[in-house]
Amino acid sequence: MWSWPYPSTDDPKDIEAARKVYFGFENDIDNWGWNVSWFLDPVVLGEYPKRGIRKI
């Protein structure tokens, strides 16, 4: 079962790992349905994230 990527601890490495999963494009394109940046960047910033577009 999938859950939101929260850091396991307050360690900066855990926080960065959770940030990459939550906002990044490290996963396969099939798993982008929940990606915050992919859906909100076009609404808030007016364009899709460049990292995501390069991966398509």
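All values derive from a computational prediction rather than experimental measurement.

1. Side note on the packing of aromatic side chains
Reasoning step 1: Scanning the model with the defined rule gives two aromatic pairs in all.
Reasoning step 2: Judged by centre distance (4.8 Å) and plane angle (85°), the ring pair of Tyr-22 and Phe-23 falls under edge-to-face.
Reasoning step 3: With a centroid separation of 4.7 Å and an interplanar angle of 40°, the aromatic rings of Trp-38 and Tyr-48 are classed as tilted. In this pair, Trp-38 is assigned in helix α2 (residues 36-44) and Tyr-48 in the loop between α2 and α3 (50-55), connecting sequence segments 10 residues apart.
Reasoning step 4: Taking relative accessible area as the criterion, Trp-38 reaches 15% and is therefore assigned buried.

2. Some thoughts on the side chain of Asp-41
Reasoning step 1: By secondary structure assignment, the location of Asp-41 is in helix α2.
Reasoning step 2: Comment: no salt bridge for buried Asp-41; closest opposite-charge side chain is Lys-50, at 8.7 Å.
Reasoning step 3: Residues within four places of Asp-41 in sequence aside, it is in contact with Val-36, Gly-46, Glu-47 and Pro-49.

3. Quick notes on the environment of Ser-37
Reasoning step 1: Among the structural elements, Ser-37 can be located in helix α2.
Reasoning step 2: Exposure remark for Ser-37: the relative accessible area of 9% places this residue in the buried category.
Reasoning step 3: Taking the C-alpha atoms as reference points, Ser-37 and Phe-23, 14 residues apart in sequence, are found 5.5 Å from one another.
Reasoning step 4: Dropping the residues within four chain positions of it, Ser-37 is found in contact with Phe-23, Phe-25, Pro-42 and Pro-49.
Reasoning step 5: Within the structure, Ser-37 has its side chain in polar contact with the backbone oxygen of Phe-23 (distance 3.2 Å).

Each value, and the rule that gives it
Residues numbered from 1 in each chain as written. Predicted model: local features only at pLDDT ≥ 70, side-chain atom pairs only at ≥ 80, totals over all residues. Heavy atoms only, no water. Phe/Tyr/Trp six-rings, centres within 6.5 Å; stacked < 30°, edge-to-face > 60°. Helix = DSSP H or I, 4+ residues; strand = E, 2+ residues; numbered from the N terminus. Buried < 20%, exposed > 50% of the residue type's maximum accessible area, 1.4 Å probe, protein only. Lys, Arg positive; Asp, Glu negative; His and termini not counted. Salt bridge = Lys/Arg side-chain N within 4 Å of Asp/Glu carboxyl O. Contact = heavy atoms within 4.5 Å. Polar contact = N/O pair within 3.5 Å; in protein donor to acceptor, adjacent residues only side chain to side chain.

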